[in-house]
Structure formats: structure tokens, C-alpha cells
Amino acid sequence: MLIVPEREIADLMTRKAAFDAVEKVFAAMASGEAYNFPVVREAIGHEDALYGFKGGFDRAGLTLGLKAGGYWPNNLDKRGIINHQSTVFLFDPDTGKVKAMVGGNLLTALRTAAASSVSIKHLARKDAKVIGMVGAGHQAKFQLRAALEQGTFEKVIGWNFHPEMLPNLEEVAKEAGLPFEAVELTGMTEADVIITITSSFDAILHADHVAPGTHVACMGTDTKGKQEVEAALLARARVFTDEVAQSVSIGEAQHAIQDKTIKIEDVAQLGAVINGTNPGRTSDDEITLFDGTGVGLQDLAVAAAVVDLAVEKGVAIEVDF
Ligand code: NAD
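Keep in mind that this is a model prediction, so the values were computed, not measured.

> Is there a simple way to explain the pattern of salt bridges in this structure?
Two side chains carrying opposite charge are able to pair once their charged atoms lie near each other. Applying the stated criterion to the full structure yields 16 salt bridges. Where aspartate 299 meets lysine 67, a salt bridge forms, and the shortest distance between an N and an O atom there is 3.1 Å. Here the residue aspartate 299 occupies a position in helix H11 (residues 296-312), and lysine 67 occupies one in strand E5 (residues 63-71), the gap between them amounting to 232 residues. For lysine 141, the salt bridge identified is with glutamate 171, shortest N-O distance 3.3 Å. You can see lysine 141 sitting in helix H5 (residues 138-148) and its partner glutamate 171 sitting in helix H6 (residues 167-175), a full 30 residues away along the chain. Accessibility expressed as a relative area gives 38% for glutamate 171, which makes it partly exposed.

Take a look at the structure:
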């Protein structure tokens, strides 16, 4: 069995490798070659922790496994370690033998950022110039960095519930040599692409904050009850997702489905656009919306990629197990 510790991931994994792995596995999910297992997520009644498993099997890439982990809200204050903790386990699909154990913390951030970036590549207008960020926490920086690599943006605008966090966005814009402007939510109509990445439980971004032709990537809602955008926005948009079952139950579409603003048939897989079986954006006026709920196969895809890189660079630890 190979071990790739968390400390090695930053030097091994690139945003490009994460992008390629996620784009490929979204395509495999849409063609039926890869599927996610039902998610287990439990409040374990200890340290206020939420713990669970996300797994799946990609028959095309022969990747089988799971990510185990969750959220320990007291970690940072009590122990000086980050609150999100996860580890990916990969298994040999021919034998069931464990193949690798991989640190999953940074990989989770990179695979989540890659997902909105893949959605921008396939759904945003090719002439998109202004990117709007709603959210400015830990994950927002990853989303913005990956999005800017699409190469079309000239300006970053941002809004956050806690305005004191906006310098996080400004820092990433500066890295890319782009101007940054803090705006009110009404100012988001200037954006050609909007990424929402907050832990909100109420709609922040309303339908009239979004101009025709915009691509919106909703990345924060990954649990029942969370919400970032008004259900009316989904009714105005063509809606895409990583996994329809998750989108309508724990993703942004859960609310629009519940109040019957949209139907399950209105939610399409982004992978189908990648494969060319769904046309994706069909006009410059259309609003497209990607509901990125985060699937186990994304974790397995980036973990498999990082194991290959670790073997190549001789930093994978081999144990007889
Ligand atoms: P963080 O704690 O670093 O940042 C939280 C963000 O939410 C900040 O911008 C904060 O200002 C904002 N926020 C907090 N309370 C709010 C409120 N009541 N209303 C509006 N905004 C509020 O967290 P993070 O690591 O940046 O993660 C952000 C979200 O992304 C979380 O909800 C997390 O669960 C989710 N996430 C999703 C995926 C996925 O695959 N879809 C992956 C990782 C994280």
C-alpha cells in the first residue's frame, strides 16, 4: 500500500492536474462509467463533529474508494489544526485490496475549485471579463485562483457577509495582476461569471442581482438546509450539476425543487455538456447555473492523480499491508 501524506500534497498536486481529473470524472459520471455511492454524514455526538464517507467507482479510470472525514469545529481553537479533516482511501477494483491512503484536506479544496472552473470552461460565455465572488473565506481563494486560470477575466468584484474578509479576494486578484472592487450585491449585475462560496442558510444572491448571459457557479451549498441563491434564479437559469441526486437533496436546487419552482428534469449533468450530449449554453443571453455539491468521485480522481505524481517523484511511502 502507498501512503501520500498531507504534507506532500502541496508540492505534488497542481491546479491543472486537479482540473483535468475533475473534468474527466464528470464526463465518466454522465456517460454512466462512474457512479457515486450514497453519502453517509453523521453528527457523532462528540466534539460537535460531523463525520462521514463519500465513495464511488470509476470503471473508466479503474478508481475505487472513499473519502472519510468531516468537520471538527473546535480543532483550530483547541488544537491549532484545521477544522476540516479528511483522508482518501483507494482500493484495487480487481482484488479489493487497499492501494493507497492519501491526505485529503488540500485535495478537497483543489477539487472543489476545479469543479467551478470546469463549469466556467463549459458554460460561461467565451468573452466573460468580470468575475464576481460571493464569499471570501478559505475556499473562496481556491475557487477564484482556479477560475482566473480560465484566462478570460480582466476584473474581480466581490461581496461578503463579513466585509473584513474581502482582502482575501483582493490578494488573489493582485496575484493575477487584476483589479479588485468590493461591491453591493446589486453590483453583481456587472459580472459575467459569479461564484458563490459561503456557508449561508439563506438566499443571498437574488435573481435580479444577475444579468442575462451570466454563468453562476453555486459552490457553498452541500448540506440540507444551506442556501446561497434565490430559488427564482434557478427558474430563470439553465441548471447543471455534478450529480443530480445530490443537487436536488443537499445542493442549491433542493429549495427550488421543494417549492416546485423547477422540476428534477430541469437539472442536467455538467458531464453531459463535456461529453457533447447536452448542448450547454445555447445563447449569449441565457443564464447558466452550476450547482456544485461535491461528489466522492472528485476526491478519488484527484487522489489517484496525486498517487501517480507521488510515485513519479519518489515520495510515496510504501508499506507492506
Ligand atoms: P469559511 O468558514 O472559510 O468561510 C465561510 C464563508 O461564508 C465566508 O465568506 C463567510 O463570510 C460566509 N458566511 C458565514 N456565515 C454567513 C451567513 N450567515 N450568510 C452569508 N455568508 C456567510 O468556509 P469555506 O471553507 O470557505 O467554505 C465555504 C462553504 O463551502 C462551506 O459552506 C463549505 O461547506 C462549502 N464547501 C463546499 C464544497 C463543495 O464541494 N461544494 C467543498 C468544500 C466546501
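> Whenever I open this one, the site of the ligand confuses me. Can you help?
Residues in contact with the ligand amount to 23 residues; listed here are only the nearest, Arg111, Gln139, Asn160, His162 and Lys226. Take glycine 137: an N or O atom from its main chain is 3.4 Å from an oxygen atom of the ligand. Backbone polar atom of methionine 219 to a nitrogen atom of the ligand: 2.9 Å apart, as the coordinates give it. Taken by itself the ligand offers 860 Å² of open surface, and the protein chains cover 80% of this. Broken down by secondary-structure element, the contributors of at least two residues to the shell around the ligand are helix H4 (105-123) and H5. When the residues that make up the shell around the ligand are grouped by side-chain class, the tally is 6 nonpolar, 14 polar and 3 charged.

> How should the environment of glycine 52 be read in this particular structure?
Mapping glycine 52 onto the fold places it in strand E4 (residues 50-58). In this structure glycine 52 comes out as buried when scored by relative accessible area, which is 7%. Distance in space between the C-alpha atoms of glycine 52 and leucine 270 is 25 Å, their sequence separation being 218 residues. Setting aside residues no more than four positions away along its own chain, glycine 52 makes contact with Val40, Arg41, Lys67, Ala68 and Gly69.

What counts, and at which threshold
- One numbering rule holds for all chains: residues counted from 1, following each sequence as written.
- Residues qualify for local features only when their pLDDT is at least 70, as the model is predicted, and side-chain atom pairs are given and counted only at 80 or more; totals for whole chains, interfaces and linings, by contrast, use all residues.
- To get the side-chain values, take all heavy atoms of the structure and skip hydrogens and water.
- Counted as salt bridges are all cases of a side-chain nitrogen of Lys or Arg within 4 Å of a carboxyl oxygen of Asp or Glu.
- Under the scheme used here, helices are H or I runs from DSSP no shorter than 4 residues and strands are E runs no shorter than 2 residues, and both carry numbers assigned from the N terminus.
- Relative accessibility thresholds used throughout: buried, under 20% of the residue-type maximum; exposed, over 50%; partly exposed, between the two (1.4 Å probe, protein chains only).
- Throughout this document, a residue counts as near a molecule or strand when at least one of its heavy atoms sits within 4 Å of that molecule or strand.
- Under the rule applied, a polar contact is a pair of N or O atoms within 3.5 Å (in protein, one hydrogen donor and one hydrogen acceptor; residues adjacent in sequence only if both atoms are side-chain atoms).
- Using the Shrake-Rupley algorithm and a 1.4 Å probe, accessible areas are obtained, with residue cover drawn only from the displayed protein chains.
- In this classification, Asp, Glu, Lys and Arg are treated as charged, Ala, Val, Leu, Ile, Met, Phe, Trp, Tyr, Cys and Pro as nonpolar, and every other residue, Gly included, as polar.
- Between two residues, a contact is recorded if the distance between any of their heavy atoms is within 4.5 Å.

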